[in-house]
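If you want the building blocks of each chain, they are given just below.
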Amino acid sequence: MISTVTVTVPATTANLGPGFDCLGAALTLSNQFRFSLLPPGAKLSIAAIGAEAERVTTNSSNLVYQAFVKVYEHLKQVPPPIAIEIQLGVPLARGLGSSATAIVGGLVGANALAGAPLTQAEVIELAIAIEGHPDNVVPSLLGGCRLAATGVKHGWEICEIPWHHSIVPIVAIPGFELSTKKARQVLPPTYSRADAIFNVAHLGLLLRGLETGQGDWLQAALQDRLHQPYRQMLIPGYKMVETAALEAGAYGMVISGAGPTLLALAHQDTAQAVSDAIAHAWAEQDFAVTVHLLQLDLHGAIAQTTSV
């Protein structure tokens, strides 16, 4: 009988410019969730360690536990008494999919403890239903860069997007938060046909640019008219940082998820220069910033079990 499951879940960067609410990539930052069965009648126990751990909810409203319970509700079973230990490596409310890691961690942990009755496709459906859109939870679960679209015969079609080895993702994480709700409130209720066509064309070009590493394509493809022009005003110094990144050789810079983290894509030969330029440009602001040169996480959520 499985008594403990440890699930490691990668951070994600979503939207990637024109890929609003449908395209995301897993990155080499992660959260870890440890689920341990408790004796019958024991009370729920949740503990967190790491940066901002004091902000993690430790009662039944915790998102990890809510996702954990969803699996048992789906199976029409009573969830067992559980202790959850959370090790934080993904900043909260920064546009790097911290909520997606919680959802995926809870679902994968519960499924493993229950004996893996759910298929990967069923876990994906539950994750998207909880999150509301696929661009973070899908790469968080599966790894790599993923495009998700609604299917005809069933819920979702998931497509892996090849990512050229020379493309380096660079994330700049500022020391302030931006809620997804606030970032969505600034978006217009409707868009013009011209803007829709613009994004369709640039998303197609982005997919080819990511696959080939063609710099000219990536420079053009990272443009967007659906969300970034409206959200830039919520991020102090955005234009200054973007200019610095481009002058240092970045293909482009976009808002990661709903922000405020910024994502630059650069060739491996210029990635360090781009990172340094971003850090220097934001140094004049009244908040701290952390810049990471990362890689694409190809594994997604990984569960390790201990049996008794």
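Structure report, in brief. (Residues numbered from 1 in each chain as written. Predicted model: local features only at pLDDT ≥ 70, side-chain atom pairs only at ≥ 80, totals over all residues. Heavy atoms only, no water.)

**Observations regarding the packing of aromatic side chains**
Using the criterion set out here, one finds 5 aromatic pairs in the structure. A ring pair is formed by F176 and F287, whose centres lie 5.0 Å apart and whose planes are at 70 degrees; its orientation type is edge-to-face. Of this pair, F176 sits in the loop between β7 (167-174) and α5 (180-185) while F287 sits in the loop between α10 (271-282) and β10 (289-293), placing them 111 residues apart in sequence. F287 shares its class with F176; the two are buried. Ring centres of W282 and F287 lie 5.6 Å apart, and the angle between their planes is 80 degrees; this geometry places the pair in the edge-to-face category. Residue W282 shares its accessibility class with F287, and that shared class is buried. Put simply, the rings of F35, Y65, F68 and Y72 touch in pairs and so form one group of aromatic residues. (Phe/Tyr/Trp six-rings, centres within 6.5 Å; stacked < 30°, edge-to-face > 60°. Helix = DSSP H or I, 4+ residues; strand = E, 2+ residues; numbered from the N terminus. Buried < 20%, exposed > 50% of the residue type's maximum accessible area, 1.4 Å probe, protein only.)

**Considering the pattern of salt bridges**
Applying the stated criterion to the full structure yields 9 salt bridges. Across the pair R225 and D195 runs a salt bridge, and its minimum N-O distance is 3.3 Å. Placement of R225 in the loop between α7 (215-221) and α8 (228-231) and of D195 in helix α6 (residues 193-212) is noted, with a sequence separation of 30 residues between them. A cluster of three or more residues bridged by salt bridges with shared partners is formed by E52, R55, R94 and E177. (Salt bridge = Lys/Arg side-chain N within 4 Å of Asp/Glu carboxyl O.)

**Quick look at unusual backbone geometry**
The omega torsion of the bond from G259 to P260 falls at 5 degrees, within 30 degrees of zero and hence cis. Looking at the element boundaries, P260 is found in the loop between β8 (252-255) and β9 (262-267). Residues other than glycine seldom take positive phi values, yet N15 does so here, at roughly 80 degrees. Tracing the backbone through its elements, the reader meets N15 in the loop between β1 (2-14) and β2 (23-37). Looking at N15, the relative accessible area reads 3%, which means it is buried. We note that A93 has phi near 55 degrees; this positive angle belongs to a residue other than glycine. Under the relative-accessibility criterion, A93 is labelled partly exposed at 28%.

**A look at the sheet that holds β9**
Pairing within the open sheet is antiparallel, and its 4 strands lie in the order β8-β9-β7-β10. Sheet topology places β8 and β10 at the edges, where each strand pairs with a single neighbour. Direction aside, the axes of adjacent strands within the sheet are offset by 20 degrees on average. Bridge count between β7 and β10: 5 bridges; the pairing is antiparallel. For V171, the partnering residue across the bridge sits in β10 and is H292. Helix α9 (residues 238-247) contacts β8 and β9 of the sheet and is inclined by roughly 150 degrees relative to β8. The strands touched by α10 are β7, β9 and β10; relative to β7, the strand with the most contacts, the crossing angle is about 15 degrees. (Pairing = 2+ DSSP bridges. Axes fitted to C-alpha atoms, helices over the stretch in contact; angles between N-to-C directions. Contact = heavy atoms within 4.5 Å.)

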